[in-house]
Amino acid sequence: MSHLTVAVIQQSAWPDKAKSLAESEKGVRAAAARGAKLVLLQELHATHYFCQYEDPALFDLAEPLDGPTGQRLEALARELDIVLVGSIFEKRAAGLYHNTAVVVDGARGRVGQYRKMHIPDDPGFYEKFYFTPGDADARRNEGFTPIDTSVGRLGVLVCWDQWYPEAARLMALSGAELLLYPTAIGWDPSDDDGEKSRQKEAWTLVQRAHGVANGLPVLAANRVGFEPDHSGVGGGIDFWGGSFICGPQGELLAHAGVEAEQLVVTLDMERSENTRRIWPYLRDRRVDAYGDLTRRYRD
C-alpha cells in the first residue's frame, strides 16, 4: 500500500491489569475510529512499571503469549480489523520470562512476537532480574528479524533496544518497512531540569537518527504519569511521554506531550524508496570493513 495510517498510544498504567488494559483498549478504539490500520502500544502497558524494584512475587504478573492479555489484544485487533502491536510480560517456561512485543493482525491473530534483546540493569530499571534476552536465530524468526503483516514488514524493537543502531540496521537489512519502539522511560524526580531536558532530547534524537540512517519511518510509544517505587526504596519514575512518529528523514510528523494521547498519522510509504535513492546509505556501506563490530571492544 502506498499510504498507511498509523497510530501510537500514550497512556498511564497501574498495578491493576484490568484498569490498565481498559485504558489501552480505549486508546486503540479511538485511534481506529480515526482510521488507523496499524496501532502501537507502549512497553508493559498492562501493568505498572514493576521493574523499579526486585520482588519474586511480581513474576505472578507474567502470562503465556496466549494468556488473558494476549487473547484480549487478539479479540480487539480482530474486531477493529487492524494490526496491533502490544506488550506482554511473558512466561515462556518455569523460571523463564521475557519482555515481549506481540503483533496481532486482524482475523489472522498473532503473526509474530519480538522478545526484547537488550536488557538494562540500572537504578529504577532492574530488568535483568525479570527478563531473559530474546534468542537470536533468524531461521526461527527470532531476534532482530522483522514481522510480516498485512500492512507491511515491521521492525519491532523494545525500549533499551532503541539506543543501539545495530538493532535498527539489522531490521532494515532484513527488509523492515517501519521501525517500532514500545517504551517505558522517564525521569528520576531528583534530576534537575537541565538533566531532564538532555535525557529526553537524547531519547528522541537517537530514534529519529535510526529513521534517517535507514530511510524508514519510526513509531515510538512511551508511557506517562508518575509511578511510585512500591518497595519504598526509590523515589519513583516520572514517565515523560513524548511519543512520536517521524518520517524516513527523521522529520517529526506527530509529537505527544506529557499527557495521555493518541497520535494518528497517514504515512506515504513510497517516501522510503525515494529517500534511499538520494541518500543511498545501504549502497555505500563498507561491509568488507565492519568485521570488528562483532567484538566487545577494539583493544
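For the structure itself, look to the data block above.
Residues numbered from 1 in each chain as written. Predicted model: local features only at pLDDT ≥ 70, side-chain atom pairs only at ≥ 80, totals over all residues. Heavy atoms only, no water.

Q: How do you make sense of the environment of Asp161 when you look at a structure like this?
A: With respect to the element layout, Asp161 can be found in the loop between strand S9 (152-156) and helix H3 (165-173). C-alpha separation for the pair Asp161 and Pro248, spaced 87 residues apart in sequence, amounts to 19 Å. Contact partners of Asp161, with chain neighbours within four places excluded, come to Tyr114, Lys116, Met117, His118, Ala167 and Tyr181. Of the polar contacts made by the side chain of Asp161, one reaches the side chain of Tyr114; its length is 2.7 Å. (Helix = DSSP H or I, 4+ residues; strand = E, 2+ residues; numbered from the N terminus. Contact = heavy atoms within 4.5 Å. Polar contact = N/O pair within 3.5 Å; in protein donor to acceptor, adjacent residues only side chain to side chain.)

Q: Even after reading the chapter, I still don't get empty space enclosed by the protein, so can you show me in this structure?
A: Picture a little ball the size of a water molecule; that probe, rolled over the atoms, points out where space is still empty. A full pass over the atoms with the stated rule returns two cavities of 30 Å³ or more. The computed volume of the largest cavity comes to approximately 70 Å³. When residues in the lining of the largest cavity are grouped by element, the largest group, three residues, is from strand S3 (residues 83-93). By volume, the second largest cavity is sized at about 40 Å³. What lines the second largest cavity is Leu21, Ser24, Glu25, Val28, Leu41, Arg72, Leu73, Leu76 and Leu84. (1 Å grid on protein atoms, 1.4 Å probe; cavity = no way out; pocket = protein on both sides within 12 Å on 5 of 7 lines; lining within 4 Å. Points joined across faces, edges and corners; volume = space filled by probe spheres on them.)

Q: Explain the packing of aromatic side chains here, please?
A: Each aromatic ring pair is characterised by the separation of its centres together with the angle its planes make. Applying the stated criterion across every chain yields a total of 19 aromatic pairs. Seen from their ring centres, Tyr49 and Phe239 are 5.9 Å apart, and the 75° between their planes marks the pair as edge-to-face. Linking Tyr49 in the loop between strand S2 (38-40) and helix H2 (68-80) with Phe239 in strand S14 (residues 237-240), this pair joins segments that are 190 residues apart in sequence. Of the two residues, Tyr49 and Phe239, neither departs from the other in class, the shared state being buried. Seen from their ring centres, Trp160 and Tyr164 are 6.2 Å apart, and the 75° between their planes marks the pair as edge-to-face. Of the residues examined, Trp160 reaches a relative accessible area of 29% and is grouped as partly exposed. Put simply, the rings of Phe50, Phe59, Phe89, Tyr97, Phe129, Tyr130 and Phe131 pair up and form one aromatic cluster. Directly above the ring of Trp14 sits Lys19, whose terminal nitrogen or CZ lies 4.3 Å from the centroid. Arg223 extends its terminal NZ or CZ atom over the ring of Phe239, reaching a point 5.3 Å from the ring centre. (Phe/Tyr/Trp six-rings, centres within 6.5 Å; stacked < 30°, edge-to-face > 60°. Buried < 20%, exposed > 50% of the residue type's maximum accessible area, 1.4 Å probe, protein only. Lys NZ or Arg CZ within 6 Å of the ring centre and 35° of its normal.)

Q: Can you walk me through the nonpolar core in this structure?
A: One recurring pattern in soluble globular proteins is that nonpolar side chains are buried together. Counting 45 residues, the largest nonpolar core has Leu38, Val85, Leu154, Leu178 and Leu219 as the members making the most contacts within it. For Val85, the contacting residues outside a window of four places in its chain are Leu38, Val39, Leu40, Leu41, Ala101, Val102, Val103, Leu154, Val156 and Leu180. (Core = buried A, V, L, I, M, F, W, Y, C linked by side-chain atoms within 4.5 Å.)

Q: How should I be thinking about the environment of Pro133 in this particular structure?
A: Locating Pro133 in the fold gives a position in the loop between strand S7 (125-126) and strand S8 (147-149). Taking the C-alpha atoms as reference points, Pro133 and Ala32, 101 residues apart in sequence, are found 32 Å from one another. Not counting residues within four places of it along the chain, the set of residues in contact with Pro133 comprises His98, Lys116, Met117 and Ile119.

Q: Is there a simple way to explain the layout of surface pockets in this structure?
A: Taken as a whole, the largest pocket spans an internal volume of roughly 570 Å³. Lining the largest pocket are 32 residues, with Asp122, Pro123, Gly124, Phe125 and Ile237 positioned closest to its centre. For the lining of the largest pocket, the secondary structure elements donating two or more residues are S7, strand S11 (186-187), helix H4 (193-214) and S14. Broken down by element, the residue count for the lining of the largest pocket peaks at three residues, all from H4. Tallied by class, residues from the lining of the largest pocket come to 17 nonpolar, eight polar and seven charged. (Nonpolar A, V, L, I, M, F, W, Y, C, P; charged D, E, K, R; others polar.)

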